[in-house]
Amino acid sequence: MYKILSLDGGGSWALIQARVLQDIYGDIKGHELLRKFDMVIGNSGGALVLAALCNDMKPSEIIAVFRSEEKRKQIFSRLKVNELSLLSFLRSVFKNLAIGPKYSAAQKRIGLVDVLESYDSERVKQGFLPIVKTPLSQLPKIIGKEDLQIIITGFDYFKERATFFRSNPASKTDKFNKKYYEVTLGDAIHASSNAPVNYFQEYAKVNLECLQPDEQEKKINWYWDGAVAGFNNPVLAGLIEAMTNELQRPLDDFKILSLGTGQKGKTIIVDQKYSTGNPVINDRYEKNKNKYFVLSDDSRQFKLEIGKMAQSILSDPPDSATFIAYSILNRELKNTANLVRINPCITPQLNKNSNEYVLPDAYKNEEDKFKAILQMDMDAVEDEQVDLIVDITNKFITEDLRGPYVPNQFIRGENDADNKLGFGSYKEAKMRWLEIENGTKETWHMISKGSNSL
């Protein structure tokens, strides 16, 4: 068995991942949790969760970091007046102009290091280098599992392609590069979490050191968030890395737990405006157009296009990376592959009687709260915003499926479809993962059929 933990990017929404890990494994130390896997790969907010686990922090401590406004603002540090570009200045004056960076990349690096180092005081007192300042290649031994693969994704500013910061200098996936450049944990997560356009005002500057015995090269390179390269959900990169380094293993040996940071949004019905030949679709468009819960307007402005592109690189709808990874593991696309996707899905739901999109059951009596969630960005710096993420998580991680709950995102298909991949509730997904991990007989299907015996 070769187990992979994949952690999506998503800023403060990565709090969800810490809560899921806490629920599945208990509030254990980070190193103990990491030793349960053979590979852990993360991007952006997920890379921060990974770094905190490398820092031997419990899930509860990681949650505390995300819930602390002081610590969040150390990482998402607002640009000072003298740091504002023209676009950023205009955004600070005209609040409706949703284009332009808000945060300082340099201050983010300082904040990341300070926050993680504050949880590593005992190690520092003993004379050791803080984990956050430790090179990636040294972390598996410190964690207590020398063959553990740690991967953090980024985007090389100059080469304009994906970069994978690895703990394994001998990775076969990287054999085409003649040099292995060492990077610290802090620099890797700094690169991975540096989202452009609407978030950080400049690239992340990262120190690299060549590890080849006959080389003494040191340099500084520039990076953006791994999402720019299409790896906000890094699960596919993790699977390929595992497959190329574990050639002797059959595909059934790979077991993957992929954790998202929430899929939210209005229902898109723009395409239905031009639909013909289906009166139900035409009726649905007419009843829902211009209403709050849907996107029906096809008019466009340049500023909206730029903002849309900035958002698009950070999302993965409808979960294409997981679908491709799933297809590799199970070419028949049966719902039996050893890959479990856990990601809360917060969207309006269709009332089939009225043909209108309405509040989801979990927010049936909380319209203002649901609207606030739809408006939230991934940075979520303010306390009231993080409280909404906590509320989503509470409604998602539940054992009682008889009442309203936030559903889990399917990899493909929908809850009432006969042909689908994935699981419609957190409980089903968790149960399936525990079965995969423990090699027990499948029982998750009993939940989806309405059994209360579990």
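It should be emphasised that the depicted structure is a prediction, and the values quoted were computed from it without experimental measurement.

> Looking at this structure, I do not really get the packing of aromatic side chains. What am I missing?
Centre-to-centre distance and the angle between the planes together describe a pair of aromatic rings. This model, assessed by the stated rule, comprises 17 aromatic pairs. Between Y25 and F37, the aromatic rings sit 6.0 Å apart at their centres with planes inclined by 80 degrees, giving edge-to-face as the arrangement. One end of the pair, Y25, is in helix α1 (residues 15-25); the other, F37, is in the loop between α2 (30-34) and β2 (39-42), with 12 residues separating them in the sequence. Per residue, the accessibility class of Y25 equals that of F37, and both read buried. Consider the rings of F293 and F370, whose centres lie 5.6 Å apart with planes at 70 degrees: the pair is edge-to-face. With F293 in the loop between α12 (279-288) and β11 (294-295) and F370 in helix α15 (residues 367-375), the pair connects residues that are 77 residues apart, well separated along the chain. Classification of F293 as buried rests on a relative accessible area of 12%. Within the aromatic cluster, the residues linked to one another by ring pairs are Y157, F158, Y203 and W222. One residue, K108, lies across the ring of F200, its end atom 5.0 Å from the ring centre. Of note, R412 hangs over the ring of F323, and the distance from its end group to the ring centre comes to 4.2 Å.

> What is the right way to look at the packing of α1 against helix α4 (residues 59-67) in this model?
For any two helices packed against each other, the geometry comes down to the angle between their axes and how far apart the axes lie. Closest axis-to-axis distance for the α1/α4 pair is 9 Å, and the angle between their directions is 160 degrees. Comparing the axis directions of α1 and α4 gives the class roughly antiparallel. Where α1 crosses over α4, the two elements pack in a sense that is left-handed. When α1 is examined against α4, the residues L15, A18, R19 and Q22 are found in contact with a partner set consisting of P59, S60, I62, I63, F66 and R67. The residue inventory of the contact of α1 with α4, partitioned by class, reads 6 nonpolar, 2 polar and 2 charged.

> Would you explain the pairing of strand β3 (residues 149-156) in this entry?
For a regular strand, side chains alternate in direction, first toward one face of the sheet and then toward the other. The buried count for β3 comes to 8 of 8 residues, which makes it a mostly enclosed element. Residues Q149, I151, T153 and F155 of β3 are buried on one face, and the alternating residues I150, I152, G154 and D156, pointing to the opposite face, are buried as well. Direction of pairing for β2 relative to β3: parallel, over a ladder of 4 bridges. The residue bridging V40 from the neighbouring strand is I150, located in β3. As paired strands, β3 and strand β4 (residues 161-166) are joined by 6 bridges and run antiparallel to one another. Considered in β4, the bridge of I152 is made with F165. The antiparallel pairing of β3 with β4 creates a hairpin that spans 4 residues between the two strands, and E160 there sits at a positive phi of about 55 degrees. Where β3 lies against strand β7 (residues 218-225), 3 bridges are found, and the strand directions are antiparallel.

> Whenever I open this one, unusual backbone geometry confuses me. Can you help?
The backbone of E160 sits at a positive phi, close to 55 degrees, despite the residue not being glycine. Within the secondary structure layout, E160 lies in the loop between β3 and β4. Look at E160 and you get exposed, because its relative accessible area is 61%. One non-glycine residue, L333, adopts positive backbone phi at about 55 degrees. Of note, L333 is situated in the loop between α14 (320-329) and β12 (339-342). You can call L333 partly exposed: its relative accessible area is 31%.

> Would you take a moment to explain the nonpolar core for this structure?
Within soluble globular proteins, side chains that are nonpolar tend to cluster in buried spots. Counting 86 residues, the largest nonpolar core has W13, C54, I152, L185, I189, L257 and I342 as its most contacted members. The dominant element in this core, judged by the number of residues it contributes, is helix α3 (residues 45-54), at 8 residues. Discounting chain neighbours no more than four positions away, the residues touching L257 are I4, L5, S6, I24, F37, V340, I342 and W433. Formed by 21 residues, the second largest nonpolar core is a distinct cluster that contains Y2, F254, Y326 and L421.

> So what exactly am I meant to see when it comes to the confidence of the model for the protein here?
Detailed reading of the predicted model is not advised wherever pLDDT is low. Averaged over every residue, the pLDDT of the protein is 88; residues scoring 70 or more account for 88%. Scored below 50 in pLDDT, residues 446-454 shows 13 contacts in the model against residues more than four places distant or in partner chains.

Thresholds applied
Residues numbered from 1 in each chain as written. Predicted model: local features only at pLDDT ≥ 70, side-chain atom pairs only at ≥ 80, totals over all residues. Heavy atoms only, no water. Phe/Tyr/Trp six-rings, centres within 6.5 Å; stacked < 30°, edge-to-face > 60°. Helix = DSSP H or I, 4+ residues; strand = E, 2+ residues; numbered from the N terminus. Buried < 20%, exposed > 50% of the residue type's maximum accessible area, 1.4 Å probe, protein only. Lys NZ or Arg CZ within 6 Å of the ring centre and 35° of its normal. Axes fitted to C-alpha atoms, helices over the stretch in contact; angles between N-to-C directions. Parallel < 35°, antiparallel > 145°, perpendicular 65-115°, else oblique. Left-handed = near helix turned anticlockwise from the far one by under 90°. Contact = heavy atoms within 4.5 Å. Nonpolar A, V, L, I, M, F, W, Y, C, P; charged D, E, K, R; others polar. Pairing = 2+ DSSP bridges. Core = buried A, V, L, I, M, F, W, Y, C linked by side-chain atoms within 4.5 Å. pLDDT = per-residue confidence, 0-100.

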